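# Structural description and commentary
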Amino acid sequence: MSTKRRKLDQLWEISRILMRVDDDGTLVRRVLDLLREALHLHSAIAIMQSEHGLSTIVSHSDRTSEQLEAAQLNLRSKFERLLGSRHNARTPSAQRFVVVPLGERRRIFGALQVEGIQRLDELDLAFTSTVANQLALALDRRAVSRIRQRAVEQRRIEAEQQSSWLQMLLDGLPVGVLILDDRNQLVMANHQARAIWPSPYDETCPLFKCVGPEAIAEREVPFSRQDNTKGTLLVSSTPIRDPGGRMMSGIVTFLDITQRKRSERLHRFLSEAAQTLAEITEHEQTAATITRLPIPEICDACVLHRLTSAGLEIEHAAGLSDGLATRIARRDLEETVHSRVTQLRGDRTLITPLIAHDEVIGTLSFLCAGPDRRFEPYDTALIEEFAHRAATFIENARLHRDTQSAVRSRDELLAVVSHDLRNLVSSVLLSVTALTAAPDHDDRRRSRRHLERIHRSAERMHRLTTDLLDAASIEAGRFTIRARPASAHAIVNDAVEALTPDAMHKSIELRVELPIDLPPVVADATRIVQALCNLLGNGIKFTPPGGRISIAAARDSDFVRFSVSDNGPGISDEDRPRVFDRFWRGGHTRTPGTGLGLSIVSGIVDAHHGKVWFETSHTGTTFHFTLPAETATVEDTVAAAPGD
Amino acid sequence: MELAGGIERRSSSEQTAIESWVERIRALAMESRADALHEGLDALWQRAWRTMGESTLLIFDRVLSESKKRNPILESLYAEEDGVHLDTWIHGVDIDIAIDAIGDLVTTFLSTLGDLTGDILTPALDRELSRLPSISER
């Protein structure tokens, strides 16, 4: 093979390496090795300047370190001369080296030096120059490529930073934001947008219909969430145009106003419900309206449970089916009453307590039937507000009913009192007329009967008027007692003695059970006898003929407890809360009396700082009251009724 | 001999080749001198380029830059890959001053080239100069 042909092959091999090797250092070294081999060199050295400083790459076969150092010194000197930073004198020894610049686009960034074993000729110089020029071109292109890559990377990082910054900015907005390109493809969506409408953003998304050449301001758009629940979005959109007016992209902002709209609807409902209920005074109608009103605005079924002495009982229900009824668990109702806190079971059953005057009077249960209907957490407050108002209306209706009942009782009382007084006065008038008209010689026995009749009528009129006055005093807070130590035995005996004729008249046995060591009480004995008489009279009134009434007393700590038990029919559930009310007459309006007796008992015991209560069943009733025993401290012997 | 700026002159025998070329140009008619300068620079360029290729331009640029410091008249002179662009420049300068400046430029170029390459090309370049100018005096 000719020398020229061999050199061409070597030049071809160098060109191939220049195309393939990635790393600059490796590339230069391999080129130097090939160059040294091609030209039979002692050494081939490259010096290069980069942003990291000067670097030297050496390829040699047989040079000592001193020789290499001299060679590198020569190259550095020539390179500095090429850069114009140093002027060197020519030296004869330097002539064994050939140095060619490495540069491209008129910029020298390095130099290549070869040192021949024999003196190099022009062909060697041409070969070296060709290699140097190709190497410089390759290095320059790689440098340019790196710069471009760095620039591209820098632009990518900046774009990512800008995108990240923009995303952060958009995520900070309180509304959902979508940015679309000119083909309606999603460019960016902020956190709120993804939360409201997770995906996909395509033609199925109702927001896309809002993007167009015209801006849209606050349009309400209905939508379905992924869980099929319905909602409403408040959407605005703005087209972005290039300077030529062509639409480049669109920005859509939207807000889920489902809650707001529902809240507005519920507030409207509350207002309308209050107006409707305000027009109703009848108790049954109030309960029915309360369960009917929330349908269908709030729920599909509503149940009102009332708390009675027997527990929770359904008072009214609307829209309730068997399937829905099973969702109201007794345990949940009781938990609601106990905790006084609204219970949300699942998201379709809500039970809230009915509280009036700080007392739980029942529960109101709201149920959703449809699969796409449910209670949201923010519904609870409004439903509780409705329940609060409902409880007030129920209580007002009850008070109205009680007032009506009291008015009726008062009217009946007036009729009874008027009737009784008229009968008694008539009896007196008849006796007085008989006495006046009787001849002087009329016998004394007949006169005495008339006088006794007048006396009994007067006593009954006195008792009637006394009861009315006592009831009025108690009600007005003017009722007073004179408490002093008194024998409990004497009090009981006086009362029993007074009522024995009435008991005997109905063949009722009066049984007294008093321990011997019963302490005296601090009491107004006359008033306590009056109270016991009222209780005994009440018992006689409701005990069937042949029955039995027991009067007992016993020490109870610092008090003495008096008890009057009968074996009558007991007091009904309905009547129990009103036993001590004025004008209440047990069970039936046909029961004789004013309905003041037990009310007066309560007033007398209250005035003694005692306590009165009763226990009742279908086999009888026992009334209890307590009075301070003499050992108890009584600061003032003259006590006043509460409210005095 | 060293020129201002630290560039060393070639040896006196070598320097003679350049000075002789310069003298021959001066001997030409005024209107031929520019062409003769152009011819000389072109011949040196082509000969150096044939061996060293693009390295010629890198070295010449460096040399021209140094020469411009000593001879401000060269300020607008430049070279491309096809050679030194003398035409436009030389029409605006005094030819005698231009000859001196070009003489200095050629001296520095050949000196630098010789220094870098161990004078491998020096004989060939001297031969080129010795044949010039080819233009005979009219």
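Let me sum up the structure you'll find in this document. (Residues numbered from 1 in each chain as written. Chains lettered and ligands numbered in written order. Predicted model: local features only at pLDDT ≥ 70, side-chain atom pairs only at ≥ 80, totals over all residues. Heavy atoms only, no water.)

### A few points about the overall build of chain A
When its secondary structure is counted, chain A shows 14 helices and 23 strands. When burial is assessed residue by residue, chain A has 43% of its 644 residues classed as buried. Considering only contacts in chain A between residues 6 or more positions apart, those separated by 24 or more positions represent 61%. Of the roughly 34900 Å² that chain A leaves accessible, carbon and sulfur atoms contribute 52%. (Helix = DSSP H or I, 4+ residues; strand = E, 2+ residues; numbered from the N terminus. Buried < 20%, exposed > 50% of the residue type's maximum accessible area, 1.4 Å probe, protein only. Contact = heavy atoms within 4.5 Å. Areas by Shrake-Rupley, 256 points an atom, 1.4 Å probe, with all protein chains shown as cover.)

### Some words on the overall build of chain B
Of regular secondary structure, chain B possesses 6 helices and 2 strands. Reading the helices (α) and strands (β) of chain B from amino to carboxyl end gives α-α-α-β-β-α-α-α. Within the span of chain B, comprising 138 residues, buried residues form 60% of the whole. Within chain B, residue pairs in contact and separated by at least 24 positions form 71% of the contacts whose partners lie at least 6 positions apart.

### Points about the environment of Phe-208 of chain A
Tracing the chain through its elements places Phe-208 of chain A in the loop between helix 5 (191-196) and strand 7 (216-224). As for Phe-208 of chain A and Gln-185 of chain A, which are separated by 23 residues in sequence, their C-alpha atoms are 9.5 Å apart.

### Overview of a nonpolar patch on the surface
Judged by side-chain polarity, Trp-165, Met-168 and Leu-169 of chain A come together as a nonpolar surface patch covering roughly 370 Å² of accessible area. With respect to the secondary-structure elements, Met-168 of chain A resides in helix 4 (residues 122-171). (Patch = residues over 30% accessible without salt bridge, like charges linked within 9 Å, V, L, I, M, F, W, Y side chains within 5 Å. Salt bridge = Lys/Arg side-chain N within 4 Å of Asp/Glu carboxyl O.)

### Overview of the sheet that holds strand 5 (residues 176-181) of chain A
Residues and elements named next belong to chain A. With antiparallel pairing, the 5 strands of this open sheet are ordered in space as 6-5-9-8-7. Bordering the open sheet on either side are strand 6 (186-189) and strand 7, each of which pairs with just one other strand. Pairs of neighbouring strands in the sheet enclose a mean axial angle of 25 degrees, with direction left out of account. Sheet topology places strand 7 next to strand 8 (residues 230-241); 7 bridges connect them, and they run antiparallel. Note on strand 8: the bridge partner recorded for Pro-222 is Thr-232. Contacts from helix 6 (residues 258-278) reach strand 7, strand 8 and strand 9 (247-256), with the element oriented near 135 degrees to strand 8. (Pairing = 2+ DSSP bridges. Axes fitted to C-alpha atoms, helices over the stretch in contact; angles between N-to-C directions.)

### Quick look at the interface of chain A and chain B
With 28 residues of chain A at the interface, the matching set in chain B holds 29 residues. Summed over the shared surface of chain A and chain B, the result is 5 salt bridges. Between Arg-106 of chain A and Glu-80 of chain B there is a salt bridge; the shortest N-O distance is 3.5 Å. For the interface between chain A and chain B, the tally reads 13 residue pairs in polar contact (both at pLDDT 80 or more). In terms of residues, the side of chain A that touches chain B owes the most to one element, strand 3 (residues 97-104) of chain A, which gives 8 residues. (Polar contact = N/O pair within 3.5 Å; in protein donor to acceptor, adjacent residues only side chain to side chain.)

### Comments concerning helix 2 (residues 24-39) of chain A
All names here are of chain A. The end-to-end C-alpha distance of helix 2 is 22 Å, a good match for the 22 Å that 16 residues give at a rise of 1.5 Å each. Residues Asp-24, Leu-27, Val-28, Val-31, Leu-32, Leu-34, Leu-35, Arg-36, Ala-38 and Leu-39 constitute the buried set of helix 2. Buried-residue contacts for helix 2 involve helix 1 (3-20), strand 1 (41-50), strand 2 (53-60), strand 4 (107-116) and helix 4. Phi turns positive one or two residues past the end of helix 2, at His-40, with a value near 50 degrees. (Expected span 1.5 Å × (residues − 1).)

### Some points on the pattern of salt bridges
Tallied over the entire structure, the rule returns 39 salt bridges over all chains. Look at the salt bridges and you will find they share partners, linking Asp-62, Arg-63, Arg-96 and Glu-115 of chain A into a network.

### Observations regarding the pairing of strand 1 of chain A
Residue and element names in this part refer to chain A. Of all 10 residues in strand 1, 8 are buried; the element is thus mostly enclosed. Two elements, strand 1 and strand 4, share 7 bridges in a ladder whose sense is antiparallel. Note that in strand 4 the partner of Met-48 across the bridge is Gly-110. Where strand 1 folds back on strand 2, the antiparallel hairpin that results is connected by 2 residues.

### Side note on helix 5 (residues 95-117) of chain B
Residue and element names in this part refer to chain B. For helix 5, spanning 23 residues, the distance from its first C-alpha to its last is 32 Å, which sits close to the expected 33 Å at 1.5 Å a residue. Burial of helix 5 is extensive: 20 of the 23 residues sit out of reach of the surface. One or two positions beyond helix 5, positive phi appears at Gly-118, with a value near 65 degrees.

### So, a negative patch on the surface
A cluster of acidic side chains, namely Asp-42, Glu-54, Glu-81 and Asp-82 of chain B, defines a negative patch on the protein surface. Assignment of secondary structure puts Asp-42 of chain B in helix 2 (residues 30-52). (Lys, Arg positive; Asp, Glu negative; His and termini not counted. Charge placed at Lys NZ, Arg CZ, Asp CG, Glu CD.)

### What to know about unusual backbone geometry
The step from Ile-295 of chain A to Pro-296 of chain A runs through a cis peptide bond, and the omega angle for that step is 0 degrees. Note the cis peptide between Leu-132 of chain B and Pro-133 of chain B, where omega equals -5 degrees. As for its placement among the helices and strands, Pro-133 of chain B is situated in the segment after helix 6 (122-130). Positive phi, normally seen in glycine, also occurs at Arg-340 of chain A, with a value near 60 degrees.

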